[in-house]
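Okay, here's what each chain looks like letter by letter:
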Amino acid sequence: MQQYSSLPDQNSLIDATPKLLTTIEQLRAQLWLESSLNQLQSRLNDCLLSACNTVPQAGAAQAEIFQAVVNEINSAVHSSNLALTDCAVGIALFQPQETVATVRYVSRSPSPNLQPLFVEVLTAEKKLLLRLQEVIKLEDLQQLEHQQPQSAWRLADDSGNVMGWLIIATASLSSDCESLIKSQAQLRSQLMARSAKYCTTALVQLRHILSWSQRYQQLSNSNQELERTNQLKNQFLANTSHEIRTPLSSIIGFTHLLLAPGYEPTRERQQEYLNIIQSSGKHLLALINDILDLSKIEANQLEVQWEIIDVPLLCSNVLALVKEKAANKGLKLCLELEPDIKTLVADPLRLKQMLLNLIFNALKFTSEGSVGLRVAPKGVFVHFTVWDTGSGISQEDQVQLFQPYFQIAKAVAGGVEGTGLGLAVTQKLAQIHGGSVKVESEVNRGSRFTLVLPFKQEIGVGGDEEDEKAKFSSFPLPFTPSSSVEILLVENDLPNADLIQIYLRKFGYKVTWVNNAGEMWETLTLLEPAVILMDVCLTDANGLNLVQQLREHPQYRTIPVIVQTAMAMKGDRETCLAAGVNDYISKPIDLPLLASLVAKYSKAPNSVDGE
């Protein structure tokens, strides 16, 4: 019977020992490699997390990742007990279109006791120094990348664009064991290759994080701006609603009173009520004009007509406009003009608007005493100072005085009428003119508002044909009514149509009214009007398109057309004129101006000399 022993043969045990030791060394090396890479990955994750939380500059976050890579590799190599060769790690950054890369990061710095390491290129005869700011040629980096053992690993982004190279420099190994040198080179190569991959992945993730952070910041800023805009919109609607409802209440209330059955007020009372209605309507129009002016200024769409202005004449005209209001309050008006002040280059309409805003405010807050306008030169500027002996303004209120819709609390409580837009518009108009508005005031000691404007503007002064036409159209023309003049009124709104008909018929014009395009074409077959008054917004057509169609018909081509429209923004007049109209008047309609335009274009006998 054959017997078998369970003990290993002595020779086989001896043969197995080196294999077992080799396996253990390999496991230790593999564990060290994975542990080192895990540590590197953890460190890179910390860098990315920090970028998420702090939103740093892109360059600073990228530098932190590069430095983390070289530090972690260096720490892993020098903390191991695998008898790896002494080494240093660096990163050379590369810029597109260049032929060199510069070492920006290294894991060890030169010192008296620690000499910098070299990188061998192909042969030991050619060596490169691995130190900060060292410049390495692109061809040498490519050789380091492809030689054996490999000493450089490319760092590329997700698009394949090269950012730089991860480089390792090793000291010569004082060992005769060729297998140890080979195993160390393989282990080192694995560590560097995977570290380079981790580094490029982290850089790509960083780019995404920074992009998302930037987008988040933009969205956050947009949300804040939208929230601010929404608050301003709510404030605008609340203030505007209040300002509109106040005069509207008077208009509706007194109109209802006049129409009430059985109520027959005296003629004096009727006149009083109608004056209140008219005043309230003008206040509504002023509010709308202020809102439009402010919106056009904010949108940089305000038209400015530069002219040479006769300053004494303009100031006299301004005070004439407020003379009655001052007299009703028992206030004295004063005008002081320095003799040197003659002319000024500005927009006359806007200058008058600024001065009226300041003077009306002064009259509003002055119950007794005087209100004055003083004009004096100061170098290349002219100072228009509006002063009063009124209630004055506190320092707290002066800070917000030029904010849109801001109104002094005591003025609101006292029932003082106002939109809170006048000073805001005045300041912005002054800035457009290259000037400013200053305020000086003390409570119960009056106020001084100074409008500072330059004497001259950089924009040349000159009047083209359109400017002259606009200026001409802004003043009523003398005319003699004629019962022989036919007017065709194309108007969609019945109250406006009635108003225009009644007013023009009072002067003897024959007015035929139609309210849509179809009726207009039918009427033109029966009537040869001297002038067509055209509403832009009709139920079945656009008035400007109708004008263009009229100009295409030879029999209607020469009929003057005047449009009456609520279009009152920048460019609306030009749009109407470009469509072929002869003139333009915005709603609410200035009736004397309308009559003068009808007289001008109807060529009524003796209407205008020379016309």
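Residues numbered from 1 in each chain as written. Predicted model: local features only at pLDDT ≥ 70, side-chain atom pairs only at ≥ 80, totals over all residues. Heavy atoms only, no water.

Please give an account of the side chain of Thr200 that cites residues and values.
Counting through the fold element by element, Thr200 comes out in helix H4 (residues 178–259). Given the relative accessible area of 12%, Thr200 is considered buried. Within polar-contact distance, the side chain of Thr200 engages the backbone oxygen of Lys197 at 2.9 Å. Excluding its chain neighbours within four sequence positions, the residues that come into contact with Thr200 are Leu155 and Ala156. (Helix = DSSP H or I, 4+ residues; strand = E, 2+ residues; numbered from the N terminus. Buried < 20%, exposed > 50% of the residue type's maximum accessible area, 1.4 Å probe, protein only. Polar contact = N/O pair within 3.5 Å; in protein donor to acceptor, adjacent residues only side chain to side chain. Contact = heavy atoms within 4.5 Å.)

Any chance you could break down the sheet that holds strand E15 (residues 486–490) for me, citing the residues and the numbers?
Across the sheet, which stays open at both edges, the five strands sit in the order E16-E15-E17-E18-E19 with parallel pairing between neighbours. Looking along the sheet, the strands with just one partner apiece sit at the ends: strand E16 (510–514) and strand E19 (583–586). This sheet shows a mean twist of 20° between the axes of neighbouring strands, independent of strand direction. Pairing of E15 with strand E17 (residues 531–535), which is carried by four bridges, proceeds in the parallel orientation. Residue pairing in the sheet places Leu488 in a bridge with Ile532 of E17. (Pairing = 2+ DSSP bridges. Axes fitted to C-alpha atoms, helices over the stretch in contact; angles between N-to-C directions.)

Can you explain the environment of Val425? Please cite residues and give values.
Structurally, Val425 is set in helix H10 (residues 422–432). Between the alpha carbons of Val425 and Leu294 there is a distance of 5.8 Å; along the sequence they are 131 residues apart. Excluding residues that lie within four positions of it along the chain, Val425 makes contacts with Asp290, Asp293, Leu294, Ile297 and Gln353.

Describe the sheet that holds strand E11 (residues 370–378), and please don't skip the residues or the numbers.
The strand order across the open sheet built from five strands is E9-E11-E12-E14-E13, with neighbouring strands paired in mixed fashion. The sheet is open, and its two borders are formed by strand E9 (332–337) and strand E13 (436–441), each paired with just one other strand. For this sheet the average axis-to-axis angle between neighbouring strands, irrespective of direction, equals 15°. Bridge analysis of E13 against strand E14 (residues 447–454) gives six bridges, and the strand direction is antiparallel. Following the sheet pairing, Val437 is matched in E14 by Leu451. Packed on one face of the sheet, helix H7 (residues 348–364) meets E11, strand E12 (381–388) and E14 and runs near 175° to E14.

Run through the nonpolar core, naming residues and quoting values.
In terms of nonpolar packing, the biggest core is built from 43 residues, with Leu351, Phe384, Phe449, Leu451 and Leu453 touching the most fellow members. Per-element accounting of this core gives the leading share, eight residues, to H7. Setting aside chain neighbours within four positions, we find Leu451 in contact with Leu351, Met354, Leu355, Leu358, Val382, His383, Phe384, Ala430, Ser436 and Val437. Core analysis: the next-biggest nonpolar cluster, separate from the first, contains 38 residues, Trp32, Leu40, Phe66 and Val77 among them. (Core = buried A, V, L, I, M, F, W, Y, C linked by side-chain atoms within 4.5 Å.)

With reference to specific residues and values, describe the pattern of salt bridges.
Within this structure, the stated rule accounts for 11 salt bridges. In this structure, Arg43 engages Glu64 in a salt bridge whose closest nitrogen and oxygen atoms are separated by 4.0 Å. Here the residue Arg43 occupies a position in helix H1 (residues 10–54), and Glu64 occupies one in helix H2 (residues 58–79), the gap between them amounting to 21 residues. With a relative accessible area of 28%, Arg43 lands in the partly exposed category. The salt bridge involving Asp157 is made with Arg207; its shortest N-O contact spans 3.6 Å. Of this pair, Asp157 sits in the loop between strand E6 (152–156) and strand E7 (162–170) while Arg207 sits in helix H4, placing them 50 residues apart in sequence. (Salt bridge = Lys/Arg side-chain N within 4 Å of Asp/Glu carboxyl O.)

Report on unusual backbone geometry, specifying residues and quantitative values.
The step from Gln148 to Pro149 runs through a cis peptide bond, and the omega angle for that step is -5°. In this model, Lys587 is joined to Pro588 through a cis peptide bond whose omega is 0°. Looking at the element boundaries, Pro588 is found in the loop between E19 and helix H16 (591–602). Residue Gln133 is not a glycine yet carries a positive backbone phi of 70°. Positionally, Gln133 belongs in the loop between strand E4 (123–129) and strand E5 (135–137).

I'd like to hear about the environment of Tyr509, residue by residue, with values.
In this structure, Tyr509 sits in the loop between helix H12 (494–506) and E16. Judged by its relative accessible area of 3%, Tyr509 is buried.

I'd like a description of the confidence of the model for the protein chain, backed by residues and values.
Low pLDDT marks regions whose predicted coordinates should not be analysed in detail. In the predicted model, the protein chain carries a mean pLDDT of 80, and 80% of its residues have values of at least 70. Note on residues 460–479: pLDDT is under 50 here. Beyond four places in sequence and across chains, it has 39 contacts. Long-range and interchain partners of residues 604–611, a stretch whose pLDDT sits below 50, account for 14 contacts in this model, where long-range means more than four residues apart. (pLDDT = per-residue confidence, 0-100.)

Give a description of the packing of aromatic side chains that names residues and reports values.
Scanning the model with the defined rule gives five aromatic pairs in all. With a centroid separation of 5.4 Å and 40° between ring planes, the pair formed by Phe66 and Tyr105 is classed as tilted. Here Phe66 is found in helix H2, whereas its partner Tyr105 is found in strand E2 (residues 100–106), with 39 residues between them in sequence. You'll find Phe66 and Tyr105 in the same group, each marked buried. Between Tyr503 and Phe507 the ring centres are 5.0 Å apart and the planes differ by 75°, which places this aromatic pair in the edge-to-face class. (Phe/Tyr/Trp six-rings, centres within 6.5 Å; stacked < 30°, edge-to-face > 60°.)

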